[in-house]
Amino acid sequence: MTVETAAGPAGSAPPEPELVQLLTPEGQRVPHDRYDALIADVGPHDIREMYRDLVLARRIDSEAVALQRQGELGLWPSLLGQEAAQVGSARALRAHDHVFPTYREHGVALCRGVDPLRLLALFRGVDQGTWDTVGSRFHLYTIVIGAQTLHATGYAMGVQRDGAIGTGDPDRDTAVVAYFGDGATSQGDVNEAFIWASVTNAPVVFFCQNNQWAISEPLERQTRVPLYKRAGGFGFPGVRVDGNDVLACLAVSREALQRARDGEGPTLVEAFTYRMGAHTTSDDPTRYRLDAELEHWKLKDPIERVKAYMVRNDIADQAFFDDLTAQADELAERLRTQCRELPDPEPTSIFDHVYVEPTPQLVAQRDEMARYLDSFADQEVAR
Amino acid sequence: MSVESMTLVKAINSGLRRAMEGDDHVLVMGEDVGKLGGVFRVTDGLQKDFGDARVIDTPLAESGIIGTAVGLALRGYRPVCEIQFDGFVFPGYDQIVSQVAKMHFRSGGRLRLPIVIRIPYGGSIGAVEHHSESPEAYFAHTPGLKVVTCSNPADAYWMIQQAVTADDPVVFFEPKRRYYEKGDVDLDSADSVPPLESARVAAPGTDVTVAAYGPMVKTCLEAAAAAADEGRSLEVVDLRSLSPLDLTPVVESVRRTGRLVVVHEAQRTLGIGAEVAARVTEECFYSLEAPVQRVTGYDTPYPSARVEEEYLPDLDRVLDAVDRTFAF
């Protein structure tokens, strides 16, 4: 079945909208009237560092998938293919901007200085997210689809009330980013967040990684219009960017974040990308999509194009690439070792943080559990 | 000592005002809470005095109210959210149960959400569907939330302030049928106010223990007065806190009386009364002279207004249950 667009009957569908693209899949830098200025300061060093982020993000991801296959993690949602969207947007952030991620933002976490081991701990099942959300300004992963967009909007309303927008002071003005996916755009919470942000003019950037798939459901199950165009109906700008182009993602995010910091309100960024892996390690995409589609997107790989650009323009030499490979190997080795060494939590620790102070009922239940577990102590010794 | 007679609405309003004066990070947010002062006027005058940045008329979407309150709390604010009516809390239920209740737990204690969610609840006001419900058990069943309810203006005044200063999220149920009933409030008794999470004896007695909360406390006090005329002494306990559930005075009382009647408007099955009955059976098994009796709404959706008085517990049904405890 061919799904018609809302614009008209079959056969008269409008052409796909233009993407903001600064780096072609072949690694050609293409000029852009609006966005060139936003990355005019980005020099060879910055390109190399973003390339480093891309490579390390992918390596963390592939290591985590391997650890899951070895039984060390319960689950892992791969970011494969979305590295540029995440690194480009995250590198547009300033230190005091605040991020509300989904559960797939491993590349953003890396850029925010969160130890990937903490991400592994969550998916290993030893905790539910224990990184320093205040210091890193990277909130806990949110599993319920779209719920965090409201948290981001509320946080942005708090930023407004603190007078931390529109002062012109780069150390004070603050933006908030809500990450979410194409599937989330169908959620009520996301639409409510759009409304709240719009009517309060909150300093929030809605960064949608449209990776084309919500588990098995393709984009046309979620929308009949390009996602970025929805912003217009809510009363703020929307832009579609090549989500596999780290430079374009950086430029578009910088513009949107600065608008927020300046008190000009929200922006919806649709990063047009592709989930090259499964939804999670529990998923089997061969049941619902064709290999040909994946092959098509492999040609648009977000990392290869940067490498081609760097090589072509002598931005990095072989030593750089070799060093980076060694760094990635070292990181992977550390994660592998430390992940396996993560201790299981004490069973009675589940009672510790239900409330700020434990209630009498929880104290009683903790004692009950402890007594029950202690009743096996003799048998442990006997073995 | 400054004692004033005021309605329960005025008591919450005054408590909120005092909380907002005491901490400029306290916000009030909800539908129609600003200029209108709320459909019940609980927030009357607050926006005029504290401004629209602190008393926020929100878009009409409950998930949005709770979800943005989460973000505001993460930024250091103390939002007090108003849900306009009990039956309208469910669009916000996911945010309350999945996000608000769990944030402190899942963050290993690093993140606190000092949010108050005010919900006018209960029936007997002749309303249409979704305006008379008692959904407290859904929330009391959720670890991470504190669930409290006031039965009179004095408790309302202090409990709302305690809820605002609490560092855990609190769902604050307000008995809307008692909104415009007056009671004395001692505005200077801060030092003698009991903890938010405590039950208290509302009327001492010796023959039967009656545990109730919110709108049913007054009904039970009236039942106690009627029973006294017949020579029977009821001890009425106002539970006040449904999560954590403080059964200390109930257990102490049942050990003396041997009989317990639990009363609430909410439907019976798996309600607060079921939990009270189970725990009292655990704690007072050898003291009980009769099975714990429950006087509740029936296990139907909340009925049409013209039959709601037959659905709701009243004085006679409470006394009928008291009689049943003497039939064993």
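Residues numbered from 1 in each chain as written. Chains lettered and ligands numbered in written order. Predicted model: local features only at pLDDT ≥ 70, side-chain atom pairs only at ≥ 80, totals over all residues. Heavy atoms only, no water.

Q: Explain the domain arrangement of chain A residue by residue, including any values.
A: Taken domain by domain, chain A consists of domain 1 (36–341) and domain 2 (347–382). Each of domain 1 of chain A and domain 2 of chain A was reduced to a C-alpha centroid, and the two centroids are 39 Å apart. (Domains from an automatic or database assignment.)

Q: Which residues make up the environment of B:Ile272, and what values do they have?
A: As for its position among the elements, B:Ile272 is in helix α10 (residues 272–284). In the structure, B:Ile272 is positioned 130 residues away from B:Thr142 in sequence and 13 Å away in space, judged by C-alpha atoms. (Helix = DSSP H or I, 4+ residues; strand = E, 2+ residues; numbered from the N terminus.)

Q: Describe the pairing of strand β6 (residues 238–242) of chain A, and please don't skip the residues or the numbers.
A: All names here are of chain A. Of all the five residues making up β6, four are buried; the element is thus mostly covered by neighbouring parts of the structure. Judged from the five bridges that link them, β6 and strand β7 (residues 267–272) form a sheet pairing that is parallel. Bridge pairing links Arg240 to Glu270 in β7. With respect to chirality, the unit in which β6 leads through helix α9 (residues 246–261) into the neighbouring parallel β7 is right-handed. (Buried < 20%, exposed > 50% of the residue type's maximum accessible area, 1.4 Å probe, protein only. Pairing = 2+ DSSP bridges. Right-handed = clockwise from strand over helix to strand, strands pointing away.)

Q: Give a description of the sheet that holds strand β2 (residues 26–30) of chain B that names residues and reports values.
A: All names here are of chain B. The strand order across the open sheet formed by seven strands is β3-β2-β4-β5-β7-β6-β12, and the pairing between neighbours is mixed. The open sheet has two edge strands with one neighbour each: β3 (55–57) and β12 (241–243). Each neighbouring strand pair of the sheet contributes to a mean axis angle of 20°, computed without reference to strand direction. Sheet topology note: the β2/strand β4 (residues 78–82) ladder contains five bridges and is parallel. Each bridged residue has a counterpart across the sheet, and for Val26 the counterpart in β4 is Arg78. Across the sheet, helix α3 (residues 62–74) is in contact with β2, β4 and β5 (116–121); its angle to β4 comes to roughly 170°. (Axes fitted to C-alpha atoms, helices over the stretch in contact; angles between N-to-C directions. Contact = heavy atoms within 4.5 Å.)

Q: Can you break down the pairing of β7(A) residue by residue, with the values?
A: Two faces, one strand: in a regular strand the side chains alternate between the faces of the sheet. All names here are of chain A. The element β7 is extensively covered by neighbouring structure, given that six of its six residues are classed as buried. Alternating residues of β7 divide into Thr267, Val269 and Ala271 and Leu268, Glu270 and Phe272, and every residue in both groups is buried. Note that strand β3 (residues 204–210) and β7 share six bridges and pair parallel. Residue pairing across strands places Val205 opposite Thr267, the latter belonging to β7.

Q: Just give me the short version of a nonpolar patch on the surface, but keep the residues and values in it.
A: Residue and element names in this part refer to chain A. On the surface, Tyr372, Leu373 and Phe376 cluster together to form a nonpolar patch covering roughly 290 Å² of accessible area. In this fold, Phe376 is placed in the loop between α13 (360–374) and α14 (377–382). Of the residues examined, Phe376 reaches a relative accessible area of 30% and is grouped as partly exposed. (Patch = residues over 30% accessible without salt bridge, like charges linked within 9 Å, V, L, I, M, F, W, Y side chains within 5 Å. Areas by Shrake-Rupley, 256 points an atom, 1.4 Å probe, with all protein chains shown as cover. Salt bridge = Lys/Arg side-chain N within 4 Å of Asp/Glu carboxyl O.)

Q: Can you lay out the packing of aromatic side chains for me, pointing to particular residues and giving the numbers?
A: Going through the model one piece at a time under the given rule, you end up with 35 aromatic pairs over all chains. Here the aromatic rings of A:Phe138 and A:Tyr141 are separated by 6.0 Å at their centres, their planes lie at 70°, and the arrangement is edge-to-face. Of the two residues, A:Phe138 and A:Tyr141, both sit in the buried class. For the ring pair A:Tyr372 and A:Phe376, a centre distance of 5.1 Å and an interplane angle of 85° mean the geometry is edge-to-face. Site record: aromatic cluster; members linked through ring pairs are B:Phe90, B:Tyr93, B:Tyr121, B:Tyr138, B:Phe139 and B:Phe173. Between A:Lys307 and the ring centre of A:Phe321, over which it is positioned, the NZ or CZ distance is 4.9 Å. (Phe/Tyr/Trp six-rings, centres within 6.5 Å; stacked < 30°, edge-to-face > 60°. Lys NZ or Arg CZ within 6 Å of the ring centre and 35° of its normal.)

Q: Let's hear about the state of the cysteines: which residues, and what values?
A: Residue and element names in this part refer to chain A. Overall, the coordinates contain zero disulfides over all chains when judged by the stated rule. Free of any disulfide, Cys111 has its nearest cysteine sulfur in Cys249, 12 Å distant. Looking at Cys249, it has no disulfide partner, and the nearest cysteine sulfur is the one in Cys208, 12 Å off. (Disulfide = S-S within 2.5 Å.)

Q: Account for the interface of chain B and chain A, naming residues and giving values.
A: Listed as interface residues are 43 residues of chain B and, on the opposing side, 37 residues of chain A. Across the chain B/chain A interface, buried area totals approximately 3300 Å², and carbon plus sulfur atoms make up 60% of it. It is B:Arg75, B:Phe105 and B:Arg106 that lose the most area in chain B upon contact with chain A, and together they represent 23% of the buried surface on that side. The shortest N-O distance in the salt bridge between B:Arg75 and A:Asp162 comes to 2.6 Å. At the surface where chain B touches chain A, the tally comes to 18 residue pairs in polar contact (both at pLDDT 80 or more). Where the side of chain B that touches chain A is concerned, the elements lending two or more residues are α3, α4 (93–100) and α5 (103–106) of chain B. The element best represented in the side of chain B that touches chain A is α3(B), accounting for nine residues. Residue composition of the side of chain B that touches chain A, by class: 17 nonpolar, 16 polar and 10 charged. (Buried area = accessible area lost by both parts, 1.4 Å probe. Polar contact = N/O pair within 3.5 Å; in protein donor to acceptor, adjacent residues only side chain to side chain. Nonpolar A, V, L, I, M, F, W, Y, C, P; charged D, E, K, R; others polar.)

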